[in-house]
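# What the coordinates show
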Amino acid sequence: MAAAPSSSAAACFLSSPCPLPRRPRHFPRHLACAAASKHAPAASSSRSLALPSPAPWPRPRRLAELVPAEAAGRLLSSAAGSLIVALASAALILGDAGAASAFVVATPRKLQADELATVRLFQENTPSVVYITNLAVRQDAFTLDVLEVPQGSGSGFVWDKSGHIVTNFHVIRGASDLRVTLADQSVYEAQVVGFDQDKDVAVLRIKAPMDKLRPIPVGVSADLLVGQKVYAIGNPFGLDHTLTTGVISGLRREISSAATGRPIQDVIQTDAAINPGNSGGPLLDSSGNLIGVNTAIYSPSGASSGVGFSIPVDTVGGIVDQLIKFGKVTRPILGIKFAPDQSVEQLGLSGVLVLDAPPNGPAGKAGLQSTKRDAYGRLVLGDIITSVNGAKVTNGSDLYRILDQCKVGETVTVEVLRGDHKEKIPVVLEPKPDES
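Residues numbered from 1 in each chain as written. Predicted model: local features only at pLDDT ≥ 70, side-chain atom pairs only at ≥ 80, totals over all residues. Heavy atoms only, no water.

Identification of the chain as PDZ domain-containing protein from Panicum virgatum is taken from an unreviewed UniProt entry. According to its UniProt record, the chain has this under Subcellular location (unreviewed entry): "Plastid, Chloroplast". (UniProt positions renumbered as here; feature names shortened; annotations may be inferred.)

### Some remarks on the overall build of the chain
Looking only at helices and strands, the chain features 10 helices and 22 strands. By the burial criterion, 37% of the 436 residues in the chain qualify as buried. In the chain, 59% of the contacts between residues at least 6 apart in sequence involve partners at least 24 apart. Taken as a whole, the chain presents about 25400 Å² of accessible surface, with 56% of it coming from carbon and sulfur. (Helix = DSSP H or I, 4+ residues; strand = E, 2+ residues; numbered from the N terminus. Buried < 20%, exposed > 50% of the residue type's maximum accessible area, 1.4 Å probe, protein only. Contact = heavy atoms within 4.5 Å. Areas by Shrake-Rupley, 256 points an atom, 1.4 Å probe, with all protein chains shown as cover.)

### A word on the packing of aromatic side chains
Following the criterion strictly, the structure yields three aromatic pairs and no others. A ring pair is formed by Phe157 and Trp159, whose centres lie 6.5 Å apart and whose planes are at 45°; its orientation type is tilted. For the pair shown, Phe157 and Trp159 are each scored as buried. Ring plane angle 35° and centroid distance 4.8 Å describe the contact between Phe169 and Phe195, whose orientation is recorded as tilted. Here Phe169 is found in helix α6 (residues 169-172), whereas its partner Phe195 is found in strand β5 (residues 187-196), with 26 residues between them in sequence. (Phe/Tyr/Trp six-rings, centres within 6.5 Å; stacked < 30°, edge-to-face > 60°.)

### As for the sheet that holds strand β7 (residues 229-234)
Spatially, β7-β8-β9-β12-β11-β10 is the arrangement adopted by the six strands of the closed barrel, whose pairing is antiparallel. With direction set aside, neighbouring strand axes in the sheet form an average angle of 50°. Relative to strand β12 (residues 308-312), strand β11 (residues 290-297) is paired through five bridges, and the arrangement is antiparallel. Across the sheet, Val293 pairs through a bridge with Ile311, a residue of β12. Lying over the sheet, helix α7 (residues 313-326) contacts β11 and β12, oriented at roughly 50° with respect to β12. Here helix α10 (residues 396-404) sits on the sheet in contact with β8 (242-256) and β9 (263-270), set at roughly 95° to β9. (Pairing = 2+ DSSP bridges. Axes fitted to C-alpha atoms, helices over the stretch in contact; angles between N-to-C directions.)

### Let's talk about the pattern of salt bridges
According to the stated counting rule, one finds 14 salt bridges in the structure shown. Notably, a salt bridge pairs Lys212 with Asp184, separated by 3.5 Å at the nearest N-O pair. Separated by 28 residues along the polypeptide, Lys212 in the loop between β6 (201-206) and β7 and Asp184 in the loop between β4 (177-181) and β5 bring together distant segments of the chain. Taking relative accessible area as the criterion, Lys212 reaches 34% and is therefore assigned partly exposed. Each of Asp196, Asp198, Lys199, Arg262, Arg331 and Asp404 takes part in one network of salt bridges that share partners. (Salt bridge = Lys/Arg side-chain N within 4 Å of Asp/Glu carboxyl O.)

### Some points on the pairing of β6
Most of β6 is tucked away: five of the six residues are buried. Relative to β6, β5 is paired through six bridges, and the arrangement is antiparallel. Bridge pairing in β6 places Gln191 opposite Arg205. Here β5 folds back onto β6 in antiparallel fashion, the turn holding four residues, of which Asp200 has a positive phi close to 60°.

Following this line, the structure appears as structure tokens:
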């Protein structure tokens, strides 16, 4: 009779409208079940024959009663982290930057000392660098309208507060008009003050407010060393105010002027990238001082190949001063035309072969003989210059180098090979004729 109540109780429980307890889905409830079954008292023998009563899963009141302390700590940490991430995401979605900033840690930008020095150098010298546009007059073939079109561009830099701009001569060659763009993008018409074709230097002038003109600090090129850092600022391919860095690769190089072919001595060689458009821009040392004017590159492709050349500032400074004061450079000449060096070498001779010595020139007045043909059409060689003032002359570059050290009106002793004998002839140097 004892089993009947149990059976009816079980039937009442099964038929009860209350739903059956669901299977626990969370780890704490599993632990609670395990703990409850472990500590439950043993059933009496009289109830062992009755059907077990499926009691609902007990709901724990405290987490400490269900899980060990260590596991509870891990659970709380995980829950707190999830809550923080959720709050940060919500703040970002709602656009509350102030709330999100509490959870986002921004790493500050840190630059090395040499990087800071480079950045400072660029910021301080950029206002001194200008962009030069070379305009030429063209006539439209159909409408016959006369137009000004850009035919080239280059770089330059502010020399003084009077508005003088220094650049290369080949940047402005053939221009009908010139425009100078400053660092603040203001554009001014430029006038040519003067130029020196032999050294590829030109000076322009613009009428700009003095507060917009920042002259570049001028340094010294006589004490430069191979390996020291240099910086080039210019407008390569029209990209204004571009900075490239490198070192001095060589000193006392020699290049030829793009206009006259006359050699330019003591040129600085650098591996700082110099491309078309960099011509006329400044070459700076690590202190931000001008040490050269970027002029030429050696490259089969026309782009930078790591071999660039700059005219030293010691040479440029003297030329610029003469151009500003007199509008031209007074340079002494012999007044001769001479044969290419290769032609003289093919004859097995050493020196400068005089092709023409006009009678109204210094050499013609002194009696130097030109190359000519006799009555039978045979070539009669003129005088071959072998030395000037005792300095040996083996080619045209040697002759130019010696003349660059002389002054107008100075008398020099020219030694020539005439036929099979040598003669010494005094020649009074004269200034180079004006060029238009």
